[in-house]
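Each chain, written out:
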Amino acid sequence: MTVAYDYRKRTSYTADAGGKRAAHTVLLEAPFTPSLPFRGYTNRSLYINLSTLEVSEKAVTEQMKEIFVGGRGFGLWYLWHAITPATKWNDPENEIVISPGPLAGNTQYSGSGKSLVVALSPLTGIPIDCNVGGYFGPLMKFSGFDSLEIQGKAAKDVVVVIDGQRGIITIEEAPEEAPDSHIAAELFTHEYASGPEDYRNVSVVSAGAAAEHSRIGCLNFSWWDPKRGAARLKQAGRGGIGTVFRDKKLKALVCRGPKLKADMNQAADFQRTVVVGKRIQKEILDFDDQQNKMRKIGTAHLVEIMDAYDLLPVHNFQYGKHPDIDKIASPVWEKRFTQGIFDGCWYGCHMACSKGADCHVVKTGPYQGHIVTVDGPEYETVAGLGANCGIFDSDWILESNFYCDTYGVDTISFGTACAFAMECYQRGILNKERTGGLELTWGNGEAHLELLHQMARGEGFGVTVGQGVRKMQGLFAERGWGDRQFLTDIGMQVKGLEYSQYQSKESLAQQGGYALTNKGPQHDEAWLIFMDMVNNQIPTFEDKAEALHYFPLFRTWFGLMGLCKLPWNDIEPESNAQEKEPAKVPEHVRNYLELYAGITGKELTSEQLIAQSEGVYNFQRVFNLRMGYGGRQSDWPPYRSVGPVTKEEYESRADRYDKQLRDLIGVDPAGRSVEEKIVLHREWRENRYKMLCDAVYKRRGWTDNAIPTLETLRRFRVDFPFVLEVVKPYLT
Ligand code: SF4
C-alpha cells in the first residue's frame, strides 16, 4: 500500500525573507540588454570577477560554436584561457563556468534542461565537468547568455543575481541567509521573485556549509515545484565544484529569467522539434511502466538489478550483493516517493524521474525535528550511502541524502570515501582513537551522519574524510597506519576522483569505462557493464575499444547540448531489439539529429555527431596534460576495481575465480592457497587491462602513452598553437 505523504507539511524557512534581503549591501549593479537565443545560441557570454567586481560580456564566436559547440565545450574553452598550468583550485583565477548548450531549454523533447558546469577540481587538479538539471542554465540563456564565467574571490559572502526580466546584474553581500541549500534555495527564490506567480522563473545555485570544509562539495541547482510549493534541488555533484564555489565566497547565484513560452530558442524549424518531441513523449508514456518505471522510482530501480548481477558495491566494493538488499530495493522507494506528482527537473520532461521523498523528519544535526522533502535518493545515492557503507536502512539513507544535499556534499564521493574509511576501520588501519571516537563499523548510520555534521562544522575526522580518498591514502600511509600498497589497492579513486557506484571487477570494458575517462571514474562517460559482462556483446579487445570510443563520445554530446542522457536509453522503442546495434538505441540517435537540426538549422549525421564530441574530448585530454596529469599512468585503476584484493573477496566468488584460473588462465587451482591464486589473477587481470589500454589508445588516435597525435588534433580542428605547445614535448 502506498502511504500518502502530505508534502505541504514542510518546515518553512521564508518567514523573514524580506528582512534578510533588506540586510544586503549592493556592491555592484550592472545593466545589460536581455535577449532570447536565435537557433539555440545567444552568441554572448557573461564574465564576472568577484575580486575586482568586473562584469563584462564576451562574444561567442563562430569558431567556438563550430569546434566547441556549447555546454562542456564552452566551459573547457573558457577555463583553458582563464588559468595557467600553475593554477591551483583555490587560486582566484580558477573559474566556475556554467553553460547550458544550444538545445537546452527546449520544452518539446524530454530531458532538455541541463547545465554543464566546469572548473579546476580540488580533488583531481584537472578540469571537472558536471551535467546538472534545475532551471538555472535555461533561464540564464533566455535572459541572454550562453555561458557564465565566475572568476576571482569575494571579500565576504556574496550573492550574484542575474535578473533577465529587469536587465540588471547585481553583486550583493548577503550576511543573514544560511548557506545550506534547502534553506538558501527557498529563501533566495522568495527574495528575488516578484511574487508566487514568479517563483518558477527563479533558480538558485548554492552549496552548503560542508562544501566549505571539504574537497567533495557539490552545487545544488534549484527549480520551483509549484505543486509542493517548494524549491527542489539537482546536484552538480562531482569533483568538488561546490568547494570552489564556497572558496570564492559565493553564497548563491540567482537567475530570474523571463516567463517561459514555447520556442524560446527561436528554433530554425520549430515544428520539427514538436514532432520529434511527441514521439519520445509517447514512448515514455506507453512503455515506462513496463521498462524501468523511471516515472515512479527514478534511477533507484537499478538497486536490486545491480544486486542480482553481483554489481552492487557492498562494503567498499568488496562484494557485489547483500542478503538485506530488500530493505533498500526499489519497492521501498516506490512507496516512499510521493506518486502522482510531476517530478521533472525541466519543463516538458515526461520521464519526470526526479522523485521526492516528502515528510522526512530529520533525526540528527542542526535540523533535527524539521520536516523536509528529500530530493531523491537516486541509484548512486542508495548504493553509495547505503550498500557501500553497509547501511541497509532506508531512513538513514534519506537522512544522509538530505544532509549531503543541503550541506553541499557529493553523495557519490562521500559514499565512496566513507566506505574506504570504514574498511580501514575494519582492518585496524583506523580505530576509535584515530577517528576521534567515531566507530566506523559497517552499517553505523549514526557515525556516518556524524562525519557529515563534523564536515559542516569544519572539525573532527569528518574533515579528513571530506578530503577524499586520495588525501586519506596519503595521510594514513604517512602516519604509518597502513601499508601504502594496500591502501592504494582498496582506495576507489582514479585521478583523485572517487568511483561512482558500480562494481567493475568482472567487466574489463567497465574497468576502462571508469579509469580511461578524462575527469575521473564517473559513469556518465561510459557504462558498459551490461554490454560486456551480461550480454557478452563486445568480446574482443577491439570490440571493447570500439565501445570505449563510441559511447564516451556519444555521452559527451549530451554535455555539449545541454541534454539529459536518461531519455536516450532508459526508455527504448518497441523495435529496438531488431536494430543492428541496439545498445546505441539508433532510433533515439535519429531523434537527436532531428532535434539538433530543428533548433540550430544544421543537418548532422551520426558520424558528425561523434566528431563534434571528439574535438572537445581530445582538447580535454590535452588540458589534463597541461595541468601535469594525463598520460598512461593517469589511467591506471586501483586493483579493487580490477580483481579481488583480499582473501575474503576471493572466497566470496571462489567458484568463479577458480573456473577462470582453469579455463582462461590455464592454471589448475587445486592445491593452491588463496593468496597464490590472488597473485595469479592479478597478473592476468592487470595484463588484460594493459592490452585494453593499447587497443583503446589506438582507436582514439592517441599514442601508446595516451597522448592525442598531431593528426588526431588536426582532424578535429583543435590543433591550436597553444595546444600543440603542450603535446609536442610528448610526441618527439
Ligand atoms: S529524465 Fe529525469 S533527470 Fe533527466 S531531465 Fe528528465 S527529470 Fe531531469
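Peer 1: Any chance you could explain the packing of helix α19 (residues 508-515) against helix α27 (residues 674-700) here in plain terms?
Peer 2: For any two helices packed against each other, one specifies the inter-axial angle together with the distance between the axes. Where α19 contacts α27, the axes come no closer than 10 Å and their chain directions differ by 65 degrees. α19 and α27 meet at a crossing whose hand is right-handed. The segment α19 lies against α27, with L508, Q511, G512 and A515 engaging R688, Y689 and L692. By residue class, the composition of the contact of α19 with α27 is 4 nonpolar, 2 polar and 1 charged.

Peer 1: Just to check I follow, could you spell out the side chain of S613 for this structure?
Peer 2: As for its position among the elements, S613 is in helix α24 (residues 606-626). Owing to a relative accessible area of 0%, S613 belongs among the buried residues under this scheme.

Peer 1: I tried to follow the site of the ligand on my own but got confused; where do I start?
Peer 2: Around the ligand, the surrounding shell holds 13 residues, and the nearest of these are C345, C349, M351, C353 and C564. Here the residues of the shell around the ligand sort into 7 nonpolar, 3 polar and 3 charged.

Peer 1: Would you mind showing me how to read the pattern of salt bridges here?
Peer 2: Any two side chains of opposite charge can pair, on the condition that their charged atoms come close. The full count for this structure, using the stated rule, is 57 salt bridges. Between D247 and K153 there is a salt bridge; the shortest N-O distance is 3.0 Å. Residue D247 is found in helix α7 (residues 241-247), and its partner K153 is found in the loop between β7 (147-151) and β8 (158-163); the two are separated by 94 residues along the sequence. Given the relative accessible area of 23%, D247 is considered partly exposed. Since its relative accessible area comes to 26%, K153 is described here as partly exposed.

Peer 1: What is the right way to look at the nonpolar core in this model?
Peer 2: Across soluble globular proteins, nonpolar side chains have a tendency to be buried as a group. In this structure, F136, I162, L253, F414, F476 and W557 are the most contacted members of the largest nonpolar core, which totals 213 residues. With 11 residues, helix α21 (residues 541-561) is the largest single contributor of residues to this core.

Peer 1: Can you help me understand the packing of aromatic side chains in this one?
Peer 2: A full pass over the atoms with the stated rule returns 47 aromatic pairs. Note on F558 and Y592: the rings are 5.3 Å apart at their centroids and 85 degrees apart in plane angle, and the pair reads as edge-to-face. Highlighted residues: F558 in helix α21 and Y592 in helix α23 (residues 586-600), separated in sequence by 34 residues. Classification of Y592 by relative accessible area gives buried; the value is 1%. Relative to F623, the ring of F619 lies with its centre 6.3 Å away and its plane at 70 degrees, an arrangement referred to as edge-to-face. In this pair, F619 and F623 are both assigned in helix α24, 4 residues apart and thus about one turn of the helix distant. Neither F619 nor F623 differs from the other in exposure class; each is buried. These aromatic residues form a ring-pair network of at least three members: Y109, Y550, F551, F554, W557, F558, W568, Y592 and Y596. For K363, the ring lying beneath its charged end belongs to W396, and the centroid distance is 4.2 Å.

What counts, and where the lines are drawn
Residues numbered from 1 in each chain as written. Predicted model: local features only at pLDDT ≥ 70, side-chain atom pairs only at ≥ 80, totals over all residues. Heavy atoms only, no water. Axes fitted to C-alpha atoms, helices over the stretch in contact; angles between N-to-C directions. Helix = DSSP H or I, 4+ residues; strand = E, 2+ residues; numbered from the N terminus. Left-handed = near helix turned anticlockwise from the far one by under 90°. Contact = heavy atoms within 4.5 Å. Nonpolar A, V, L, I, M, F, W, Y, C, P; charged D, E, K, R; others polar. Buried < 20%, exposed > 50% of the residue type's maximum accessible area, 1.4 Å probe, protein only. Near = heavy atom within 4 Å. Salt bridge = Lys/Arg side-chain N within 4 Å of Asp/Glu carboxyl O. Core = buried A, V, L, I, M, F, W, Y, C linked by side-chain atoms within 4.5 Å. Phe/Tyr/Trp six-rings, centres within 6.5 Å; stacked < 30°, edge-to-face > 60°. Lys NZ or Arg CZ within 6 Å of the ring centre and 35° of its normal.

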